[in-house]
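# Analysis of the macromolecular model
So you can see what is in the structure, the chains are spelled out below.
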Amino acid sequence: MATTWTENNHDLAIAHVDLRGVITLGLSAALPMAGYFAADMLGDALGIMPVVTPPMGLPEWSVAAAMMLTLPMWGVARWLVGQRGPEGRRTSRWIVALIAGVILLPFALSLANPFMTGLLPMLVLLTGVVAAMRASALSGAAALLLAPGLVWFGLGSLIGFTTMAGGWSPPFALVDHNKH
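Keep in mind that what you see is a predicted model, and the values were worked out from it rather than measured.

Secondary structure assignment for the chain yields six helices and zero strands. When its helices and strands are written in sequence order, the chain yields α-α-α-α-α-α. Counting over 180 residues, the chain shows a buried share of 31%. In the chain, 74% of the contacts between residues at least 6 apart in sequence involve partners at least 24 apart. Accessible surface for the chain amounts to roughly 11,300 Å². Of this, 72% is attributable to carbon and sulfur atoms.

With that settled, the discussion passes to the nonpolar core. A general trend in soluble globular proteins is that nonpolar side chains are found buried together. One finds Leu71, Trp74, Ile95, Leu98, Val102, Leu146 and Leu150 to be the most contacted residues of the largest nonpolar core, which totals 28 residues. Among the secondary structure elements, those contributing two or more residues to this core are helix H1 (2-46), helix H2 (61-82), helix H3 (85-111), helix H4 (114-138) and helix H5 (140-167). Considering each element in turn, this core owes the most residues, eight residues, to H3. If we skip the residues at most four places from it in the chain, Trp74 touches Ile95, Leu98, Ile99, Val102, Leu145, Leu146, Gly149 and Leu150.

Now for the packing of H2 against H3. Orientation of H2 relative to H3, taken along the N-to-C sense of each, is 165 degrees, at an axis distance of 7 Å. Comparing their axes, H3 and H2 come out roughly antiparallel. Every pair of crossing elements has a handedness; the one defined by H2 and H3 is left-handed. Mapping the contact onto sequence places Met67, Leu71, Trp74, Gly75, Ala77, Arg78, Val81 and Gly82 in H2 and Gly85, Gly88, Arg89, Thr91, Ser92, Ile95, Val96, Leu98, Ile99, Val102 and Ile103 in H3.

All right, on to the pattern of salt bridges then. Applying the stated rule across the entire model yields two salt bridges. Note that Glu87 is salt-bridged to Arg90, the shortest N-O span being 2.9 Å. Of the two residues, Glu87 and Arg90 are both situated in helix H3; the distance of three residues between them amounts to about one turn of the helix. Residue Arg90 is classed as partly exposed on the basis of its relative accessible area, which comes to 40%. Residue Glu87 pairs with Arg134 through a salt bridge whose shortest N-O separation is 2.9 Å. Separated by 47 residues along the polypeptide, Glu87 in helix H3 and Arg134 in helix H4 bring together distant segments of the chain. Each of the salt bridges in this network shares a partner with another, and the network as a whole consists of Glu87, Arg90 and Arg134.

Let us now look at the confidence of the model for the chain. Confidence in the prediction for the chain averages 82 pLDDT; 79% of positions are at 70 or higher. Across the chain, the element-wise mean pLDDT spans from 52 in helix H6 (residues 171-179) up to 93 in H3. Confidence over residues 11-15 falls short of pLDDT 50; this stretch has zero contacts with residues more than four positions distant or in other chains.

Before going further, it helps to examine the side chain of Thr70. Relative to the helices and strands, Thr70 resides in helix H2. Residue classification places Thr70 among the buried positions, given a relative accessible area of 10%. Here Ala66 takes part through its backbone oxygen, which lies 2.7 Å from a polar atom of the side chain of Thr70.

Once that is clear, we can look at the environment of Val63. Position of Val63 relative to the elements: it lies in helix H2. Residues Val63 and Val52, 11 residues apart in the sequence, show an inter-C-alpha distance of 7.4 Å.

The topology assignment puts Leu71 in helix H2. Accessibility expressed as a relative area gives 0% for Leu71, which makes it buried. For the pair formed by Leu71 and Tyr36, sequence separation is 35 residues and the distance between their alpha carbons is 8.6 Å. Among all residues touching Leu71, those that are not within four sequence positions of it are Pro32, Met33, Tyr36, Ile99 and Ile103.

Criteria and cut-off values
- Residues numbered from 1 in each chain as written.
- Predicted model: local features only at pLDDT ≥ 70, side-chain atom pairs only at ≥ 80, totals over all residues.
- Heavy atoms only, no water.
- Helix = DSSP H or I, 4+ residues; strand = E, 2+ residues; numbered from the N terminus.
- Buried < 20%, exposed > 50% of the residue type's maximum accessible area, 1.4 Å probe, protein only.
- Contact = heavy atoms within 4.5 Å.
- Areas by Shrake-Rupley, 256 points an atom, 1.4 Å probe, with all protein chains shown as cover.
- Core = buried A, V, L, I, M, F, W, Y, C linked by side-chain atoms within 4.5 Å.
- Axes fitted to C-alpha atoms, helices over the stretch in contact; angles between N-to-C directions.
- Parallel < 35°, antiparallel > 145°, perpendicular 65-115°, else oblique.
- Left-handed = near helix turned anticlockwise from the far one by under 90°.
- Salt bridge = Lys/Arg side-chain N within 4 Å of Asp/Glu carboxyl O.
- pLDDT = per-residue confidence, 0-100.
- Polar contact = N/O pair within 3.5 Å; in protein donor to acceptor, adjacent residues only side chain to side chain.

Here it is, written out as structure tokens:
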């Protein structure tokens, strides 16, 4: 009788841990999207129109589709590394910073000058590269979950940065050009 009682409690304990893990995993996947929608609603209420520029002439809805796929994947990656002790919790902060940066970037770009519109996406991309490097040391699966979104976001960031950098010339270049 005592053996049966212990086995039943053990089964309940395993079910409780699994249920807790499933709930935290689900929240980790859902909260980035909830943050995205909350930021969009707040921006709309404040009258701030986000700057959404998909790369290579793709339609604007492709950005929303990419966000709907990418943000939950990044949330799961944050959950995976967060399970790896103190170093995992520190790494998960980098992933949270990446998520927050990507969510807030379109609103910041609408308020930024042309120079900052090229620089801000690169800063968010560098945050993502650091997050992916740190995550890869702890969990290969987490790094793989970060990679597709970083490629998508990085493509647009690099195009914007090189366009901005190619159009900028220091004042002495104009003066030197006239000397020839």
